[in-house]
Amino acid sequence: MNKDVRSCMKCGSCTASCPSGRVVAFRTRKLVEDRAIGEIDYDDLSLWYCTTCFNCMERCPRGIDITDEILKIREEAYRKGKVLEPHRAVLRYIYRSGHAVPINPEVREKRMALGLSELPPTTHTFEEALLEVRRIMEDEGIEYKE
Amino acid sequence: MSFEPRIVAFLCNWCSYGAADMAGTSRIQYPPNVRVIRFMCSGRIDPNFVLEAFLRGADGVMMTGCHIGDCHYIDGNYKTANRYEFLKHYLDILGIGADRLQLEWCSAAEGLKFAQSVTAFTERIRALGPNPLKEGGK
Amino acid sequence: MRGLSTKSDFSLFLGCLIPNRLPEIEKSTRLVCERLGINLHDMKGASCCPAPGVMKSFDKALWLKIAGRNLDIAANMGMDIITLCNGCYGTLKDASMELKDDPELQEVVRASLSTIDRDLGKIVDVYHFVEYLYFDYGLDDLSDHITKKLDYKVAAHYGCHLLKPIKYRRTKDFDAPTFFDELIELTGSTSVDYVEKNTCCGAGGGLRSGLKDVALDIARKKVASIKDANMIVTPCPFCHMQLAQVSNIPVVYYSQLLALSMGFSEEEVGMAVGK
Amino acid sequence: MIKTAAVVGAGVSGMQAALSLADRGVKVFLIENTSSIGGIMARLDKTMPTLDCSICILSPFMLAVARNPMIEIMTLCDVVGAIKTEHGYNLEVLKRPRYVDLEKCTGCRDCMAKCPGKVIMPFEENFGRIKAIRFDFDQAIPAVPYIDKDACLYFSKGICGNCVKFCQKGAIDFEQQEETLNLEVGGVFLATGSRPYLPFDKTEYGYGRYKNVITAMELERLLSASGPTSGHVIRLNDKKEPKKIAFINCVGSRDLRTNRGYCSKVCCMYGIKEALLVKDHDPEARVTIFYIDIRASGKGYEEFYQRAKNSIRFIRGRPGELLELDNGDLLLRYEDTESQQPMEEVFDMVVLNSALVPSEGSEQLAKMFGIPLNEYGFFDAGGDPASPISTDNDKVFIIGACQGPNDITDCVSQSIGAVAKTYSIYGDVVERESKELPGTDKENPRVGVFVCHCGKNIGKYVNMDEIVEYAKTLPDVVYVEDSLFTCSESGQKSIKEKIQELDLNRVVVAACSPKTHENTFQEALVEAGLNPYMLEMANIRNQCTWVHSDCENESTEKSKDLIRMAVSKARLLDPLFEREVDVRQSCVVIGGGVSGMASAVELSRSGFEVSLIEREDHLGGKSYVTDPKYREIAKHLIDSVTSDENIRLYLSSQIVHVDGFVGNFDLTLDTPNGEVNANAGTFIIATGYDFADPSVDGYVIGGPVIAEEELVRMMDEERLAGKDFTFILCAGVRNKAHPECSRVCCISALRQIKRIQDTVPDANITVLYQDIRAYGYYEDIYRQVSENGARFIRYSPDSLPSIDANSKSVGVYDTTSSRTLKIGFDLCILERGAIPSRGTNELRQLFKASAAPTGFFAEAHLKLAPLDTAIDGVFIAGACQYPKTVEESLSQAISSAGRAGIIMGSGKYKVQPTTASIDEAKCVACGLCEKLCPYKALKMSEDGKHMEVIEVSCKGCGTCAAFCPSNAISMKGFTYQQEKEKIKALLRGVAK
Ligand SMILES: Cc1cc2nc3c(=O)[nH]c(=O)nc-3n(C[C@H](O)[C@H](O)[C@H](O)COP(=O)(O)OP(=O)(O)OC[C@H]3O[C@@H](n4cnc5c(N)ncnc54)[C@H](O)[C@@H]3O)c2cc1C
Ligand SMILES: Cc1cc2nc3c(=O)[nH]c(=O)nc-3n(C[C@H](O)[C@H](O)[C@H](O)COP(=O)(O)OP(=O)(O)OC[C@H]3O[C@@H](n4cnc5c(N)ncnc54)[C@H](O)[C@@H]3O)c2cc1C
Ligand code: SF4
Ligand code: SF4
Ligand code: SF4
Ligand code: SF4
Ligand code: SF4
Ligand code: SF4
Ligand code: SF4
Ligand code: SF4
């Protein structure tokens, strides 16, 4: 539906629907309002509390695609270099292995015990495929060679 | 048995009867001692009706009408007000007591006021005790 | 219900968690598909989908490009994709839909892929395994293969991205969907209701990777409302891991449950290994 | 010219239109697709804001429709084809079988008792099943059941037939077939209303999944004494009384996710109404209403809301989701937007205040008659505010809630207006012959007493058997009967039958108030051949059971007393006879704003002479403050008025004296040319409103702080400067001095904001508000301007914004973020509310018309007579009643013109016969009465020996009678003997 965040009427459906808001002081509606008036605090951890469950977005009566908007805010934060270390690590894993969660010796064994190939037929198996992924990331200006 | 006053209320059709109906629609509770007689205008309240009521044993009589200025018939209630003064005087002479007569203005929207007036008046009559004529009649 | 689809060849998108952490899901899925006549073909050289919670959050363009590369692998195989993970589904389904809807985006992705001698090809359709079973394979056909009636009491967990965003999903009722319960009940098990049934597991959006404690608190709240069940069944390895971490009862992937009802043993579907 | 009309849909709108048309001598086919007339209102428990019993006020109305010889009720009918002709339309109507013969059935319900076929009731579906042969609601009209073919065992399996066996009248007829009827009509009036939406697709609230989540309509049925639980609010899963209830507003309205961007306008208020009724049923119950804005958008609604705050908890926040717990309780998740906290709370029951959506079949009708539908599927009047019910098709009109959600008041006033618009179709009014009233035997009283249960309203609080037995012992009483609803068709039928069967010549109805029901029962008497004045009512409901609900013994005793009093008077009743007076075909309209002008133009168009009186030296009223669009309309009206020969215009003039009565008013005008005397048959008061004084809220106009009209002027003159605009709403109202909401200023502000946004692209607009009352389709503008960037900040009436004109900033506490903000502005625009026009009080007293507590003119009945004052022949139009938009003002003005036109058109007005009469023999010609009579209705006889009554002038107040020293004056209907007898009866046995 993608209506402007400024059309928010402060009904509170979003905050009320949010699974995170129930356990931490993250308030979806506040984020929307801050966005509407252009006062995002990129240092505020709240940005990262959203699970992208889409509840708020599917329920917003004013048709604001809230979850998508939150992702945009995160992207801006990232561009400003404000990102959580574990997330940076995930990028690093992808760069290194093509996988956000690369395989380890234990699982290799488990795979074999189950009768599966030791390595999955993914970038783990195909070196040139991994290079392709890296190339795409490098083109975007992301390098995590270490 | 405790004394339960008998109260007669003369209501004009437009305002006070409307108020009494309104007390009903709003479910405002008041003591069940009052019985209403409806006239078109408070100006119709013939002094004879009031006296008749007392002579037959009523413990209290209420006269009610539209607020001054709001009379459906222009100024019937001014006349009622004058008559009220006269009647009070007369009731004192008769030994019934002016306190047993009450005049109230209620608009059709004042259900609450109607109920409150009836409640207060009932309490007052309860405190005054039975109509002395009735006592004497015994 | 008879299935809609006559297709039986698919490219299998494994993602990361399944092959690299929960291979029993891969194993059981391969087993049941073979039995069902669904031919799964490996997507050679596929990568991370990429992880929507992280990559989509930071850099949507990059997310689309890497997803586009995965889509292209399937396009070259000439087969639509089946995924086994809500996250992969969320990425590949949404990316494919967005690309189909938006020629300009396509151009951006094509340009990027051209540097690695790839294109986007004809953008393939993306299915989640359980969605395919229900809407396309069909409960009736599926039930022909059920040989053993299980009588587990199951707490079903759908997971958010199987259901939302609804504009790219086949069920519009994300608050009270029933298709996964029906699939579970086909095995003879009972899907028991619980208060927070439809609540998020808390893992998504990078929350589990970024702020694990918070993520687990959400999961705890959810799992605490389960009563009277002897297992949780999920259609997603990510929810799976998240719930398993806070649950006292076993968490089982749907293929495993289905495989048991087809007569496979616990060992074969990796439940023993998983324990 | 064909003097017939089809009215499609028989809700309150359709019925009102039908009655108004019939009054004009037009034969009406009232086509309804369900089995009964009545529409939504017939299914409601009470109506807001007066909490009148809905069916009690509607029932007499339904009966008037049923009884009107000019109206043919066609239930179970659909319009399936329409061909436009030279004179109107040829309609093809499909009549579905009822399977019960309308003529033979007595409505005894024997068949229903034995019917095994069952089905789920619409709206009552959560609350049990109902019979295959049934009424949709107890007071249905026609009072004949129908058979639901789908549920009937005879039709589905060929078995049963119980109804046939048990019907003593042989009224069941399985052979009835569908019929196609052809009607030739001059005009078509669509009044198909709207339908309460069943919110299955608001899946987060679990309607249909969770047992204790119901809609407001369902609750309305639970609250109703004639509903499925006989007025008990219970939970479906365990039949327990819910103690903690939540209402959720805007379910399916104001919601782009369900494709309904509009506000349903009535749900805020019906929610509050139902919440109060729940509290009334169970004072222990704790009720919470979850809202976004409370849209108290009608007369008396804001006050109603404020009163409700005493007992109802209001939380600003639209809940996100509901979860069902094991015991059926509901876990509600919401954000309290005033503390910004996400909350979880458990409720026993949740009520969804769901939207009103277009009636089924609207699309087909629209196609058939070439009427556009708006984006939400309601009929679209084409947006010409000057004729809000007309369509592009000159033979088709759309009225009531089929244009979009509306409350009863607005529906009714619009429907009355339907008639005003029909002169082009039907030409002049046809005079109807007046019926001779039957006389009655004065000797040998035979009294019938009819005691009403009023569902449970009376029956629950008294010992009915005791009352009935007691009434039988009263002198001259030959028959006593109690019935569930005496005013229902079956109740009245019984009265008529008994009058004829037992030769009754006096009737006592012990029920509700004669003010609402006397007419109804009088008409029943007439139909039975009895003089209507042989009726006496005992008000054992409003003035007994309702006000003494906790003492059954006393209520029973009091009811007995009231009935004894009524019987004693009834024995002495005399037949009375109505007379008619001639009516002048001229109307005086007071106030030259859009309302007054529209009324004047409408009346002139219908051929009446009109005088328009305006106290300023120009016409137009407040229309200058509004949009250019409305000013255009005003300009157009000014042109029409000034160029119209039938309209005499008095500028800079005021009324100083009024005399006379309906049909024959005399008046004196103070004009620039001195005093002018004139006369009139009717009056329309259209004196509008004045602006509230914002200084009561501490706002001072001056410098950069301006009122809205100044903003409008600046925009008109293209001298709007600056970029930062701050609007403050509710200036001068919604405070202690003027607690009411002015209802139009929110909308007006939104319009101005839109205009700024259209002309100043980079404008920063901030709006400080309490509630945004953008009801109905105005929600669309609200959404647009906020999407375009206007920032809305909600302040609390407890902490008003403070303006600093020097630093050009305003400080405000934002309740939805708990932040105190300082907002800079170039211009601060005060949205001043409306208060009664100055001089309203004087005018009111001139006419002896009454005022609402807010000081605006009061209507005769807020729901069913919104255009009438209590004075015959004097009507109100526009913003003098309560603040209205231009559209609404125009709609009402046209309707009031219609009302006045009906009286004047027939040329005759019936005079109530309850006048004074003089016993010449007793009169001593003292002349006292002549002095006292406020209406100059007494004059000395030629010979000077006695007084005479001028009956047309006599209003029946009785002042003269109360004063006559020789008891020579008797008031018809309230004679000395009758009243004295009543007093005697009241006090019987007391003195001894
Ligand atoms: C729960 C609830 C509570 C409310 N409470 C109040 C209140 O307290 N006060 C108040 O002022 N308002 C209230 N309202 C609003 C009020 O009910 C409506 O304003 C009013 O009833 C509308 O009247 P209507 O005649 O225009 O439409 P309706 O009452 O809807 O009547 C339309 C009629 O047309 C018939 N019809 C529909 N389509 C066709 C067709 N194609 N052919 C033939 N017939 C057709 C229908 O069967 C129906 O009989 C409430 C509404 C709801 C839902
Ligand atoms: C702040 C505000 C903004 C508004 N903006 C809008 C808007 O944007 N859109 C909209 O649709 N509506 C708007 N309105 C409402 C609109 O102004 C009214 O609906 C409309 O003007 C009412 O017309 P009326 O003829 O009833 O009253 P008025 O326009 O007030 O006309 C009454 C006339 O009667 C005259 N009069 C008064 N007393 C007497 C007397 N005793 N004798 C003779 N003449 C008398 C007055 O001089 C005046 O000319 C707004 C109202 C307010 C308060
Ligand atoms: S749900 Fe939408 S309109 Fe409501 S507060 Fe959240 S963003 Fe605003
Ligand atoms: S999408 Fe994010 S912000 Fe929205 S409800 Fe889910 S977790 Fe909360
Ligand atoms: S025949 Fe049908 S309507 Fe009649 S009693 Fe049987 S089921 Fe009921
Ligand atoms: S704001 Fe409008 S839609 Fe919402 S409850 Fe109030 S009247 Fe209904
Ligand atoms: S008391 Fe009787 S007559 Fe009066 S409204 Fe109720 S049912 Fe009708
Ligand atoms: S601005 Fe006017 S319409 Fe809006 S809430 Fe205030 S008084 Fe009511
Ligand atoms: S009843 Fe009233 S109006 Fe009639 S003559 Fe007597 S005083 Fe005049
Ligand atoms: S007051 Fe009575 S006696 Fe005197 S003139 Fe009038 S009617 Fe006659």
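Residues numbered from 1 in each chain as written. Chains lettered and ligands numbered in written order. Predicted model: local features only at pLDDT ≥ 70, side-chain atom pairs only at ≥ 80, totals over all residues. Heavy atoms only, no water.

What follows concerns the site of ligand 5. Residues and elements named next belong to chain D. Around ligand 5 lies a shell of 13 residues, among which C115, C152, L153, C160 and C163 are the nearest. Within the residue set of the shell around ligand 5, elements represented by two or more residues are α4 (153-157) and α5 (162-166). For the shell around ligand 5, the per-class residue count stands at 10 nonpolar, three polar and no charged. (Near = heavy atom within 4 Å. Helix = DSSP H or I, 4+ residues; strand = E, 2+ residues; numbered from the N terminus. Nonpolar A, V, L, I, M, F, W, Y, C, P; charged D, E, K, R; others polar.)

To continue, consider the site of ligand 7. In the vicinity of ligand 7 lie 11 residues, with C452, C454, C487, C512 and H517 of chain D positioned nearest. The class makeup of the residues in the shell around ligand 7 is eight nonpolar, two polar and one charged.

Before going further, it helps to examine the domain arrangement of chain C. Residues and elements named next belong to chain C. The domains assigned to chain C are domain 1 (9-129) and domain 2 (139-269). The interface of domain 1 with domain 2 comprises 28 residues on the first partner and 30 residues on the second. Surface buried jointly by domain 1 and domain 2 totals about 2,400 Å² across both partners, of which 68% is contributed by carbon and sulfur atoms. Contact with domain 2 buries surface across domain 1, with R35, L36 and N86 losing the most and accounting together for 24% of the total. Taken together, the connections running from domain 1 to domain 2 amount to one salt bridge. Between domain 1 and domain 2 we count seven residue pairs in polar contact (both at pLDDT 80 or more) in total. (Domains from an automatic or database assignment. Contact = heavy atoms within 4.5 Å. Buried area = accessible area lost by both parts, 1.4 Å probe. Salt bridge = Lys/Arg side-chain N within 4 Å of Asp/Glu carboxyl O. Polar contact = N/O pair within 3.5 Å; in protein donor to acceptor, adjacent residues only side chain to side chain.)

This paragraph deals with the pattern of salt bridges. Going through the model one piece at a time under the given rule, you end up with 109 salt bridges over all chains. The closest approach of N and O atoms between E321 of chain D and R22 of chain A, which form a salt bridge, is 3.3 Å. With one member in each of two chains, E321 of chain D in strand β19 (residues 321-324) and R22 of chain A in the loop between α1 (13-17) and α2 (28-36) form a pair that bridges those chains. Exposure class is identical for E321 of chain D and R22 of chain A. Each is buried. A salt bridge links R734 of chain D to D771 of chain D, with the nearest nitrogen and oxygen atoms 2.9 Å apart. Residue R734 of chain D is found in the loop between β39 (724-731) and α20 (745-759), and its partner D771 of chain D is found in the loop between β40 (764-769) and α21 (778-787); the two are separated by 37 residues along the sequence. For R734 of chain D, a relative accessible area of 12% translates into the label buried. Take D771 of chain D: its relative accessible area is 3%, and that puts it in the buried class. (Buried < 20%, exposed > 50% of the residue type's maximum accessible area, 1.4 Å probe, protein only.)

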